[in-house]
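# A look at the structure
Single-letter residue listing:
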Amino acid sequence: MTAAASTWDSMWKLGSETLDKAVLVKLTRTLAIIPITLLLSFVRAKQRKKMEPVQAGSVCARHFPCLSCTSSWRQRSQR
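Residues numbered from 1 in each chain as written. Predicted model: local features only at pLDDT ≥ 70, side-chain atom pairs only at ≥ 80, totals over all residues. Heavy atoms only, no water.

Broken down by element type, the protein carries 4 helices and 0 strands. Counting helices and strands in the order they occur from the N terminus, the protein gives α-α-α-α. Of the roughly 7,100 Å² of accessible surface on the protein, a fraction of 66% belongs to carbon and sulfur atoms. (Helix = DSSP H or I, 4+ residues; strand = E, 2+ residues; numbered from the N terminus. Areas by Shrake-Rupley, 256 points an atom, 1.4 Å probe, with all protein chains shown as cover.)

Another point: the environment of D9. Within the fold, D9 resides in helix α1 (residues 2-12). The spacing of D9 and L19 is 10 residues in sequence and 7.1 Å in space, taken between C-alpha atoms. D9 has contacts with L14, G15, S16, E17, T18 and L19, leaving out every residue within four places of it along the chain. Separated by 2.9 Å, the side chain of D9 and the backbone nitrogen of L19 make a polar contact. (Contact = heavy atoms within 4.5 Å. Polar contact = N/O pair within 3.5 Å; in protein donor to acceptor, adjacent residues only side chain to side chain.)

Between α1 and helix α2 (residues 17-51), the least distance of the axes is 7 Å, while the angle of their chain directions is 165°. What the angle tells us is that α1 and α2 run roughly antiparallel. At the point where α1 passes α2, the crossing takes the right-handed sense. On α2, the residues that touch T2, A5, S6, W8 and D9 of α1 are E17, T18, L19, A22, V23 and K26. Here the contact of α1 with α2 is built from residues that sort into 5 nonpolar, 3 polar and 3 charged. (Axes fitted to C-alpha atoms, helices over the stretch in contact; angles between N-to-C directions. Parallel < 35°, antiparallel > 145°, perpendicular 65-115°, else oblique. Left-handed = near helix turned anticlockwise from the far one by under 90°. Nonpolar A, V, L, I, M, F, W, Y, C, P; charged D, E, K, R; others polar.)

Our focus in this paragraph is the packing of aromatic side chains. Counted under the stated rule, the structure contains 1 aromatic pair. With a centroid separation of 5.8 Å and an interplanar angle of 50°, the aromatic rings of W8 and W12 are classed as tilted. A residue pair is termed a helical-turn pair when its members lie 3 or 4 positions apart in one helix, as W8 and W12 do in helix α1 at 4 residues. Given a relative accessible area of 45%, W8 falls into the partly exposed group. Residue classification places W12 among the exposed residues on the basis of a relative accessible area of 52%. (Phe/Tyr/Trp six-rings, centres within 6.5 Å; stacked < 30°, edge-to-face > 60°. Buried < 20%, exposed > 50% of the residue type's maximum accessible area, 1.4 Å probe, protein only.)

With that out of the way, let us pick up unusual backbone geometry. Its identity is not glycine, yet K13 carries a phi of approximately 55°, on the positive side. On the secondary structure map, K13 appears in the loop between α1 and α2.

As structure tokens, this is what we get:
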């Protein structure tokens, strides 16, 4: 998106007007992903907690399954 904005600015001699707006949109979308992902992980964890019995494991591992794979691998290698 920023490459297209840069090309547009150079074609029409606009300076960096379009590129500035494109960068702002890109950064806003990138920063919006973090809270949305955290919110969805907490909602899914709450739903899963209602449906499943309590499982052992750290809070971090329950909210971020990719970390639980690493931690379970470490636990197996230490045995």
